[in-house]
Amino acid sequence: AQKVTQAQTEISVVEKEDVTLDCVYETRDTTYYLFWYKQPPSGELVFLIRRNSFDEQNEISGRYSWNFQKSTSSFNFTITASQVVDSAVYFCALSEATGGFKTIFGAGTRLFVKA
Amino acid sequence: EADIYQTPRYLVIGTGKKITLECSQTMGHDKMYWYQQDPGMELHLIHYSYGVNSTEKGDLSSESTVSRIRTEHFPLTLESARPSHTSQYLCASSEFGQGKNTEAFFGQGTRLTVV
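Please read these numbers as outputs of a predicted model, since none were measured by experiment.

Rules of the game
Residues numbered from 1 in each chain as written. Chains lettered and ligands numbered in written order. Predicted model: local features only at pLDDT ≥ 70, side-chain atom pairs only at ≥ 80, totals over all residues. Heavy atoms only, no water. Helix = DSSP H or I, 4+ residues; strand = E, 2+ residues; numbered from the N terminus. Rg over C-alpha atoms; globule rule 2.2 N^0.38 Å. Buried < 20%, exposed > 50% of the residue type's maximum accessible area, 1.4 Å probe, protein only. Areas by Shrake-Rupley, 256 points an atom, 1.4 Å probe, with all protein chains shown as cover. Lys, Arg positive; Asp, Glu negative; His and termini not counted. Charge placed at Lys NZ, Arg CZ, Asp CG, Glu CD. Core = buried A, V, L, I, M, F, W, Y, C linked by side-chain atoms within 4.5 Å. Contact = heavy atoms within 4.5 Å. Buried area = accessible area lost by both parts, 1.4 Å probe. Salt bridge = Lys/Arg side-chain N within 4 Å of Asp/Glu carboxyl O. Polar contact = N/O pair within 3.5 Å; in protein donor to acceptor, adjacent residues only side chain to side chain. Disulfide = S-S within 2.5 Å.

(A) The arrangement of the overall build of chain A in detail. Helix and strand counts for chain A come out as zero helices and twelve strands. Going from N to C terminus, chain A has its helices and strands arranged as β-β-β-β-β-β-β-β-β-β-β-β. For a compact globule of 115 residues, the expected C-alpha radius of gyration is about 13 Å, and chain A comes in at 14 Å, within 12% of that figure. Seen through its principal axes, chain A has C-alpha atoms that stretch 45 × 25 × 20 Å. Sorting the 115 residues of chain A into buried and exposed places 49% on the buried side. Per element, the accessible surface of chain A, about 5,300 Å² overall, is 49% carbon and sulfur. Distance between charge centroids for chain A: 3 Å, based on 11 positive and 13 negative side chains.

(B) Quick peek at the nonpolar core. Among the nonpolar cores identified, the biggest contains 23 residues, and Trp36(A), Phe77(A), Tyr90(A) and Leu111(A) are the most heavily contacted of them. Taken together, the elements giving at least two residues each to this core come down to strand 2 (10-14), strand 3 (19-21), strand 5 (32-39), strand 8 (64-69), strand 9 (74-79), strand 10 (88-96) and strand 12 (109-114) of chain A. No other element matches strand 10 of chain A, which puts four residues into this core. Beyond its immediate sequence surroundings of up to four residues, Phe77(A) is in contact with Val19(A), Thr20(A), Leu21(A), Trp36(A), Leu48(A), Tyr64(A), Ser65(A), Trp66(A) and Tyr90(A). One finds Val89(A), Phe91(A), Ile104(A) and Ala92(B) within the second-largest nonpolar core, a separate group that totals 19 residues.

(C) Region of interest: the interface of chain A and chain B. Each partner contributes residues to the interface: chain A has 20 residues there, and chain B has 21 residues. Buried surface at the junction of chain A and chain B, summed over both partners, amounts to about 1,800 Å²; 52% is from carbon and sulfur atoms. In terms of surface lost to chain B, no three residues of chain A exceed Leu45(A), Lys102(A) and Phe105(A), which account for 26% of the buried area on that side. At the junction of chain A with chain B, the criterion picks out one salt bridge. On the surface where chain A and chain B come into contact, there are four residue pairs in polar contact (both at pLDDT 80 or more). Residue assignment for the side of chain A that touches chain B shows that the elements contributing at least two residues are strand 5, strand 6 (46-52), strand 10 and strand 11 (103-105) of chain A. Counting residues per element, the side of chain A that touches chain B draws most heavily on strand 5 of chain A, at four residues.

(D) Layout of the state of the cysteines. Scanning the entire structure with this criterion turns up two disulfides over all chains. Across a sulfur-sulfur distance of 2.0 Å, Cys23(A) and Cys92(A) are joined as a disulfide pair. Across the S-S bond of Cys23(A) and Cys92(A) the torsion is about -65°, and the bridge reads as left-handed. One end of the pair, Cys23(A), is in the loop between strand 3 and strand 4 (24-26); the other, Cys92(A), is in strand 10, and 69 residues separate them in sequence. Cys92(A) carries the same exposure label as Cys23(A), and that label is buried. In this model, Cys23(B) is linked to Cys91(B) through a disulfide, with the two sulfur atoms separated by 1.9 Å. Across the S-S bond of Cys23(B) and Cys91(B) the torsion is about -75°, and the bridge reads as left-handed. Highlighted residues: Cys23(B) in strand 3 (residues 19-25) and Cys91(B) in strand 9 (residues 87-94), separated in sequence by 68 residues. You can call Cys23(B) buried: its relative accessible area is 0%. Classification of Cys91(B) as buried rests on a relative accessible area of 0%.

Everything listed is a geometric property; what it means functionally is a separate question.
Here's what the structure looks like:
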């Protein structure tokens, strides 16, 4: 069965600090996809990144970077030089072949960035 | 930009009423989902569909029902609303098929309050 764990319920940082959001997943499949989404206070879910299980390359996009490690079943997300606008709930999600590729979400990490 | 629309955005309704939450997408996606989420909390998958005439129950038991008569339309119905149904309902869609398991695109959600 697929499962996503985001152990950090809330994180509070001061602007310009770096922050890492942890995501650990469980799956028995060799074919799966991992995602990160952002949910700002307005409520809509914004897609940030997708990774498939065959691509362990890390990725950087501006102030965002993602570290995918199959050996530890982790897909962590780092925001460099955080800004107040980064304040949101961040969700990690998993979609696996056995589950018919339905997308299951972690519980989310609420990030507060203070000015 | 995702083209998936939910109506209404907000709904306050009395106990016992029948309601239908609408969801439409113009991307031609085969897969569609309904998630239930209390504000800022975990997303729970309640229904999904692989295509026309396909509907599956998600991981969270729900008294709601869905139908998929057209690719672009995936309405959710509650036959008799109760206060315990008060929540936010998020609709999403994604591609499905060989090598096409992309991220889910989300609508803006329907905030339902049953009084």
